[in-house]
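Structural overview
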2 protein chains.
Amino acid sequence: MVTRTDAPTRREQILQEAARLFAERGFHGVGVDEIGAAVGISGPGLYRHFAGKDAMLAELLVGISGQLMTGGKRRVAEAQHGPVALLDSLIEGHIDFALDDRDLITLHDRELDRLRDSDRKLVRQLQRQYVELWVECVRKVYPELAEPHARVAVHAVFGLLNSTPHLSRPSSLPGRAATAALLHKLARGAFAAAAAQDAPE
Amino acid sequence: MVTRTDAPTRREQILQEAARLFAERGFHGVGVDEIGAAVGISGPGLYRHFAGKDAMLAELLVGISGQLMTGGKRRVAEAQHGPVALLDSLIEGHIDFALDDRDLITLHDRELDRLRDSDRKLVRQLQRQYVELWVECVRKVYPELAEPHARVAVHAVFGLLNSTPHLSRPSSLPGRAATAALLHKLARGAFAAAAAQDAPE
DNA sequence: TGAATACGTTAATGACCGTTAACCTGCTGG
DNA sequence: CCAGCAGGTTAACGGTCATTAACGTATTCA
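This structure is a prediction, so every number in the text was calculated from the model and none was measured. (Residues numbered from 1 in each chain as written. Chains lettered and ligands numbered in written order. Predicted model: local features only at pLDDT ≥ 70, side-chain atom pairs only at ≥ 80, totals over all residues. Heavy atoms only, no water.)

1. What about helix 7 (residues 147-161) of chain B?
Over its 15 residues, helix 7 of chain B runs 21 Å from end to end, which matches the ideal 21 Å to within 8%, given 1.5 Å per residue. Counted residue by residue, helix 7 of chain B has eleven buried out of 15 residues, so it is predominantly covered. (Helix = DSSP H or I, 4+ residues; strand = E, 2+ residues; numbered from the N terminus. Expected span 1.5 Å × (residues − 1). Buried < 20%, exposed > 50% of the residue type's maximum accessible area, 1.4 Å probe, protein only.)

2. Digging into the protein's contact with DNA strand C
In the vicinity of DNA strand C there are 15 residues, among which V32 and Y47 of chain A together with R10, R48 and H49 of chain B approach most closely. Of what DNA strand C places within 4 Å of the protein, 52% of the atoms are sugar or phosphate. One of the side-chain N or O atoms of K53 of chain A is found 2.8 Å from a phosphate oxygen in DNA strand C. At a separation of 2.7 Å, a phosphate oxygen of DNA strand C approaches a polar side-chain atom of H49 of chain B. Split into classes, the residues belonging to the surface near DNA strand C amount to six nonpolar, five polar and four charged. (Near = heavy atom within 4 Å. Polar contact = N/O pair within 3.5 Å; in protein donor to acceptor, adjacent residues only side chain to side chain. Nonpolar A, V, L, I, M, F, W, Y, C, P; charged D, E, K, R; others polar.)

3. Description of the relation of the copies chain B and chain A
The two chain copies are related to each other by a rotation about an axis together with a translation along it. Laying chain B over chain A is done by rotating through 180° and shifting 0.0 Å along the axis; what remains is an RMSD of 0.0 Å. Taken together, these values place the two copies in the relation of a two-fold axis. An overlap of 100% is found between the interface residues of chain B and their copies at the interface of chain A, pointing to a shared contact surface. (Least-squares fit on C-alpha atoms with pLDDT ≥ 70 in both. Contact = heavy atoms within 4.5 Å.)

4. Quick look at the UniProt feature "DNA-binding region" (unreviewed entry) in chain A
Sequence positions flagged by UniProt for "DNA-binding region" (unreviewed entry) are, in local numbering, residues 31-50 of chain A. The span residues 31-50 of chain A is 35% helix and 0% strand, and its two end C-alpha atoms sit 14 Å from each other. (UniProt positions renumbered as here; feature names shortened; annotations may be inferred.)

5. Observations regarding the nonpolar core
Counting residues in hydrophobic clusters, the biggest one holds 129 residues, and the most contacted among them are W134 of chain A together with W134 of chain B. Discounting residues that sit within four places of it in the chain, W134 of chain B has contacts with L87, L90, I91, H94, V154, V157, F158, L161 and F191 of chain B. (Core = buried A, V, L, I, M, F, W, Y, C linked by side-chain atoms within 4.5 Å.)

6. Some details on the pattern of salt bridges
Counted by the stated rule, this structure contains 28 salt bridges over all chains. A salt bridge links R120 of chain A to D117 of chain A; the shortest N-O distance between them is 2.7 Å. Of this pair, R120 of chain A and D117 of chain A are both found in helix 6 (residues 117-141), three residues apart, which corresponds to roughly one turn of the helix. Of the residues examined, D117 of chain A reaches a relative accessible area of 56% and is grouped as exposed. Notably, a salt bridge pairs R188 of chain B with D88 of chain B, separated by 2.8 Å at the nearest N-O pair. (Salt bridge = Lys/Arg side-chain N within 4 Å of Asp/Glu carboxyl O.)

7. Topic: the packing of aromatic side chains
A full pass over the atoms with the stated rule returns ten aromatic pairs over all chains. Aromatic pair Y130 of chain A and F158 of chain A: ring centres 5.4 Å apart, planes at 15°, arrangement stacked. With Y130 of chain A in helix 6 and F158 of chain A in helix 7 (residues 147-161), the pair connects residues that are 28 residues apart, well separated along the chain. By the ring-pair criterion, three or more aromatic residues cluster together here, those being Y130, W134, F158 and F191 of chain A. Across the ring face of F27 of chain B, the terminal group of K53 of chain B is positioned such that the distance to the ring centre comes to 4.4 Å. (Phe/Tyr/Trp six-rings, centres within 6.5 Å; stacked < 30°, edge-to-face > 60°. Lys NZ or Arg CZ within 6 Å of the ring centre and 35° of its normal.)

8. Quick word on the packing of helix 3 (residues 53-78) of chain B against helix 4 (residues 82-100) of chain B
Residue and element names in this part refer to chain B. For the pair helix 3 and helix 4, the least separation of the axes is 10 Å and the interaxial angle reads 155°. Here helix 3 lies roughly antiparallel to helix 4, going by the angle between them. Along this stretch, helix 3 crosses helix 4, giving a crossing that reads as right-handed. Between helix 3 and helix 4, the contacting residues are I64, Q67, L68, G72, R75 and V76 on the first element and L86, S89, L90, E92, G93, H94 and F97 on the second. (Axes fitted to C-alpha atoms, helices over the stretch in contact; angles between N-to-C directions. Parallel < 35°, antiparallel > 145°, perpendicular 65-115°, else oblique. Left-handed = near helix turned anticlockwise from the far one by under 90°.)

Set out below in structure tokens:
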């Protein structure tokens with residue numbers, strides 16, 4: 001992991017606050033004045049940094065799917081201990097993202113339809129590729145699992161891993177590490193069950 | 001299941017179309033004129049049936065959580081074959097809902113924050129009770145699972161089961177029955193894995 | 001019959017909000 | 001030293017949109 005020591009640029013501040021607000025109240029539910037206020041400048045000042053409100057959302061969503069996709073590809077490339085270890089690595093990466101960037105995860109599947117056509121296409125393409133990464137890996141681990149089933153299972157596990165934002169604010173959570181471990185087990189268990197032969201009645 | 005033979009009232013038509021539109025483009029992304037047009041009347045005509053746009057969303061969300069809660073309680077009351085069968089019954093009920101009322105499931109965790117305080121409180125309370133229903137049942141099936149873990153697992157499984165709206169339109173799905181069966185297996189597998197002792201390295 | 005009621009209509013109102021215009025200030029490099 | 005740019009400001013414009021007003025029509029029923 002690359003840890004940054006330098007201060008975030010104004011642009012980055014804006015993106016972060018915009019992500020928080022969009023996640024809280026929805027894209028249309030937040031005004032540019034509020035986003036400005038959140039970083040200490042006022043409404044129209046944002047236009048020195050972004051072409052418009054849409055552009056902020058686009059940059060956020062493209063950034064998210066790109067990051068997921070990049071991380072996934074890196075893990076695939078670095079895989080040296082077989083498909084099982086790779087699957088664990090993918091799961092771990094996704095969990096880190098879900099736990100550390102709740103706002104982005106929320107936006108990711110909530111505001112996609114508010115994008116311009118071209119941006120939406122790009123994001124969807126990245127998402128699809130990311131899914132394919134997982135599907136391929138899952139099918140190597142569980143060859144008996146038919147492809148359409150594997151795809152549904154992958155989507156379902158994404159839903160499972162992305163469920164953390166729905167938890168009442170980090171209150172009585174078992175602690176970040178324990179939560180991550182639990183989610184990991186849940187995901188692995190789901191895949192394993194999908195692949196298992198139907199149990200006799 | 002109670003099957004209705006009589007035609008839906010205008011009110012119900014409106015609610016259904018509003019649900020579809022809200023799910024597609026978000027509460028703030030849909031105008032009252034569009035909702036009206038979807039049922040063949042125009043904008044302000046809706047005010048003969050609802051106090052306002054907010055009221056429609058409120059009725060939808062309260063209805064959803066109420067329905068989930070009622071169905072859950074009924075299943076608990078009817079349970080006669082032990083906790084395992086009850087858990088299966090709860091899972092089955094939730095899957096039916098997720099597959100048959102995609103729009104409502106989508107709204108359910110996307111637009112909650114657009115509600116008036118009192119309505120939001122009511123919905124959240126119903127949701128919490130529904131979760132508790134599940135948590136109790138899960139803990140009977142897996143007594144070794146600590147309560148906070150069970151709660152996280154239940155939320156995660158909801159995310160898993162609610163993932164169907166994210167699937168590209170009912171295209172290459174394995175068919176409704178097969179999808180339901182697969183989701184069921186995934187959910188059971190996830191719970192089982194949560195309860196299993198940590199596997200030795 | 002005829003009054004009330006249910007269910008629409010179109011036009012107007014008023015608020016909100018994204019965006020642009022016009023203007024200001026301080027730093028920075030030639 | 002001053003030109004130019006980066007990064008702000010407030011005020012104004014224009015469109016969208018929920019809601020209300022005012023009005024019409026058919027059905028019901030006493």
